[in-house]
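The chain contents come next:
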Amino acid sequence: DMKVTQMPRYLIKRMGENVLLECGQDMSHETMYWYRQDPGLGLQLIYISYDVDSNSEGDIPKGYRVSRKKREHFSLILDSAKTNQTSVYFCASSLSEGIAETLYFGSGTRLTVL
Amino acid sequence: GQQVQQSPASLVLQEGENAELQCNFSSTATRLQWFYQHPGGRLVSLFYNPSGTKHTGRLTSTTVTNERRSSLHISSSQTTDSGTYFCAIQGKLIFGQGTKLSIKP
């Protein structure tokens, strides 16, 4: 069963705390993505990972970092979270970054930073 | 940078009516996909369609590359079609702002 799993589904943190969002996929996909979704703004790419330890900034990487030590796992880290990082975060994966590859999305993590 | 504009921002229809969603982009899109987001948040891919016309069930996507536009047509809409539809372009997928579709029974 092809699946992208995100944990946790909901998270509340205080400003200045560190945040770890986890994503896993069971399809041996090379490429993984982290997006955030804010009302009226669609999805914005934070980071893309082409394989283990091969990560690239997306459009809005500031305030975030990522880690990919295993092909099936891709983590998003917020060091010292800010209130403007309150958002819904989506992880996605694709077989490669080829132009015809379909993206598979996780169910999202709703992060609230107080 | 690349721009993706979707219209309308929202659309309300009666069940059975047809829906037409538009996507315009700022330069030739070498990779164009349509996605559907369920009201609960889950995102699924509908079409990969960088050019031409593709069909699946009641959905038809038409992309005219040299005119930098794509459309998504939903025929005989159903309440279960309600949700938000996104188009996205290029390798890293730049998303439009989406069209929120509401189908009333």
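Predicted model, so just to flag it, every value in this text is computed and none were measured.

What about the sheet that holds strand β1 (residues 4–7) of chain B?
Residue and element names in this part refer to chain B. An order of β1-β3-β8-β7-β6 is seen for the five strands of this open sheet, with the pairing classed as antiparallel. Among the strands making up the open sheet, the edge pair consists of β1 and β6 (52–56). Each adjacent strand pair in this sheet contributes to an overall mean axis angle of 15 degrees, direction not counted. The pairing of β6 with strand β7 (residues 59–64) spans five bridges and is classified as antiparallel. Residue pairing in the sheet places T56 in a bridge with L59 of β7.

So, the interface of chain B and chain A
Contact with chain B, which involves 16 residues of that partner, is made by 21 residues of chain A. Summed over both sides, the interface of chain B with chain A buries roughly 1,600 Å², with 54% coming from carbon and sulfur. At the surface where chain B touches chain A, the tally comes to zero salt bridges. For the interface between chain B and chain A, the tally reads one residue pair in polar contact (both at pLDDT 80 or more). Elements supplying a minimum of two residues to the side of chain B that touches chain A: β4 (32–37) and β5 (43–48) of chain B. Its residues assigned to classes, the side of chain B that touches chain A shows six nonpolar, eight polar and two charged.

Structural notes on the nonpolar core
A general feature of soluble globular proteins is that nonpolar side chains tend to end up buried together. Counting residues in each nonpolar core, the largest one holds 20 residues, and the members touching the most others are W34(A), L76(A), L78(A) and Y89(A). Those elements that place two or more of their residues in this core are β3 (19–25), β4 (31–37), β5 (43–51), β8 (73–78), β9 (87–94) and β11 (109–113) of chain A. When neighbours within four sequence positions are excluded, L78(A) is seen to be in contact with E17(A), N18(A), V19(A), G63(A), Y64(A), Q85(A), Y89(A) and L111(A). In terms of nonpolar packing, the next biggest core, distinct from the first, is built from 19 residues, C23(B), F25(B), I89(B) and L101(B) among them.

Some points on the sheet that holds β8(A)
All names here are of chain A. Strands sit in the order β1-β3-β8-β7 across an open sheet of four strands; the sheet is antiparallel. Each edge of the sheet is formed by a strand with only one pairing partner; in this case those strands are β1 (4–7) and β7 (65–70). Looking at each pair of strands side by side, their axes are set apart by 20 degrees on average, direction ignored.

A closer look at the state of the cysteines
If you walk through the whole model with that rule in mind, you get two disulfides over all chains. Here C23(A) engages in a disulfide with C91(A); their sulfurs sit 1.9 Å apart. Across the S-S bond of C23(A) and C91(A) the torsion is about -75 degrees, and the bridge reads as left-handed. In this pair, C23(A) is assigned in strand β3 and C91(A) in strand β9, connecting sequence segments 68 residues apart. C23(A) gets classed as buried once you look at its relative accessible area, which sits at 3%. Note on C91(A): relative accessible area 0%, which makes it buried. Through a disulfide, C23(B) is tied to C87(B); the S-S separation comes to 2.0 Å. One quick way to see it: the torsion about the S-S bond of C23(B) and C87(B) is about 80 degrees, and its sign makes the bridge right-handed. With C23(B) in strand β3 (residues 19–25) and C87(B) in strand β9 (residues 83–89), this pair connects stretches of sequence that are 64 residues apart. Grouping residues by exposure puts C23(B) and C87(B) together as buried.

About the thresholds
Residues numbered from 1 in each chain as written. Chains lettered and ligands numbered in written order. Predicted model: local features only at pLDDT ≥ 70, side-chain atom pairs only at ≥ 80, totals over all residues. Heavy atoms only, no water. Pairing = 2+ DSSP bridges. Helix = DSSP H or I, 4+ residues; strand = E, 2+ residues; numbered from the N terminus. Axes fitted to C-alpha atoms, helices over the stretch in contact; angles between N-to-C directions. Contact = heavy atoms within 4.5 Å. Buried area = accessible area lost by both parts, 1.4 Å probe. Salt bridge = Lys/Arg side-chain N within 4 Å of Asp/Glu carboxyl O. Polar contact = N/O pair within 3.5 Å; in protein donor to acceptor, adjacent residues only side chain to side chain. Nonpolar A, V, L, I, M, F, W, Y, C, P; charged D, E, K, R; others polar. Core = buried A, V, L, I, M, F, W, Y, C linked by side-chain atoms within 4.5 Å. Buried < 20%, exposed > 50% of the residue type's maximum accessible area, 1.4 Å probe, protein only. Disulfide = S-S within 2.5 Å.

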